[in-house]
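Summary of structural features
Residues per chain, in single letters:
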Amino acid sequence: MEQKVIWVTGASTGIGKEIANAFSKAGHIVAVSARRKSRLVKIVSEIKFADREASAFVCNVMSERSIQSTAKRIMEKYGRIDCLINNAGSTVFKSFTDTKSFDYDMVLNTNLRGAFLCIKSVLPQMIKKKKGHIINVLSVAANTAFENSAVYSASKAGLLALSNCLREEVRRYNIKISNILPGAVETAMWESKARQRYKNRMMQPEDIGKIVYDIYNQPKRVLIEDVIVRPLKGDI
Ligand SMILES: NC(=O)c1ccc[n+]([C@@H]2O[C@H](COP(=O)([O-])OP(=O)(O)OC[C@H]3O[C@@H](n4cnc5c(N)ncnc54)[C@H](OP(=O)(O)O)[C@@H]3O)[C@@H](O)[C@H]2O)c1
């Protein structure tokens, strides 16, 4: 198997951490990024303890400078980025009336602008090499209406539209663009009350990690474009 360099954003907890673990277990090099350094360091030391290669990079996807310097540092260390997984995300569960412009800026700047800038930071070297894969962790909220989720839905629907257009521009360079749209997963994104109440109904972060790896692990000629994955009992 050819070892690839995989950059996972928002990998300090939850789904991102399990995506990193799934790629690492498959033998790839993982570059994990997020804002909380101590959590990243712990994840990397666990991976290294199992004799696999990983590195931690503190990166705030709300900052263009932070993204550019992270991409540069990963490329300096490993020579390339074969796959970017745009997983960093935040949300506010608020009615439209209660949603402030601060909430809008935080959610859109993390989920949509942050992913846009991460893609821009890796795409030129992928185009040059005529290969690469970008996987976006969206949400069923990208195409399903839920109360108290207007700005979150807008951010995920925006990234879905962006990546659908991007896909058509980069097919000619053998670059794959994939989206995964998960339903409820038991992570810190949910308030503890909801987590406790629906724990048995929600998917687990490692379920999504395995599916993201399967999206990646396909023959060169195959592109999995969009995957929708829900808890068996449906949305919460
Ligand atoms: N849980 C669900 O039900 C569900 C369903 C569908 C999709 N998703 C999506 O899955 C992704 C991961 O969420 P999760 O459920 O695993 O929740 P989580 O455990 O809260 O993870 C969110 C991750 O994003 C990172 N992050 C947040 N803001 C960031 C910023 N400005 N810069 C860099 N990293 C940032 C966090 O790290 P730091 O705080 O350390 O920066 C953390 O690692 C998100 O995109 C979310 O929208 C979740």
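This write-up is about the structure you can find in this document.

What counts, and where the lines are drawn
- Residues numbered from 1 in each chain as written.
- Predicted model: local features only at pLDDT ≥ 70, side-chain atom pairs only at ≥ 80, totals over all residues.
- Near = placed C-beta within 6 Å.
- Helix = DSSP H or I, 4+ residues; strand = E, 2+ residues; numbered from the N terminus.
- Nonpolar A, V, L, I, M, F, W, Y, C, P; charged D, E, K, R; others polar.
- Buried ≥ 20, exposed ≤ 12 C-beta atoms within 10 Å, placed from the backbone.
- Contact = placed C-beta atoms within 7 Å.
- Core = buried A, V, L, I, M, F, W, Y, C linked by C-beta atoms within 7 Å.

**Observations regarding the site of the ligand**
- Close contacts around the ligand come from 29 residues, with G10, G14, R35, R36 and G89 the closest.
- With three residues, the single largest contributor to the shell around the ligand is helix 1 (residues 14-25).
- Looking at the shell around the ligand, its residues break down into 14 nonpolar, 13 polar and two charged.

**Overview of the environment of P231**
- Looking at where P231 falls in the secondary structure, it is placed in the segment after strand 7 (226-229).
- Classification of P231 as partly exposed rests on a count of 19 C-beta atoms within 10 Å.
- Considering only alpha carbons, one finds P231 and N21, 210 residues apart in sequence, at a separation of 21 Å.
- Here P231 is in contact with G183, A184, R201, M202 and M203, once residues within four sequence places are set aside.

**Points about the nonpolar core**
- One finds I6, V8, V30, V32, L84, I85 and V212 to be the most contacted residues of the largest nonpolar core, which totals 62 residues.
- Among the elements that make up this core, the one with the highest residue count is helix 4 (residues 101-129) (nine residues).
- Once residues lying within four places of it in the same chain are set aside, the contact partners of I85 are I6, W7, V8, T9, I19, I135, V137 and V212.

**Observations concerning unusual backbone geometry**
- Even without glycine at this site, K130 takes up a positive phi of about 55°.
- Mapped onto the fold, K130 is located in the loop between helix 4 and strand 5 (132-137).
- Residue K130 is classed as exposed on the basis of its 11 C-beta neighbours within 10 Å.
- Although it is not a glycine, N148 adopts a positive phi angle of roughly 60°.
- Considering the arrangement of structural elements, one finds N148 in the loop between strand 5 and helix 5 (150-170).

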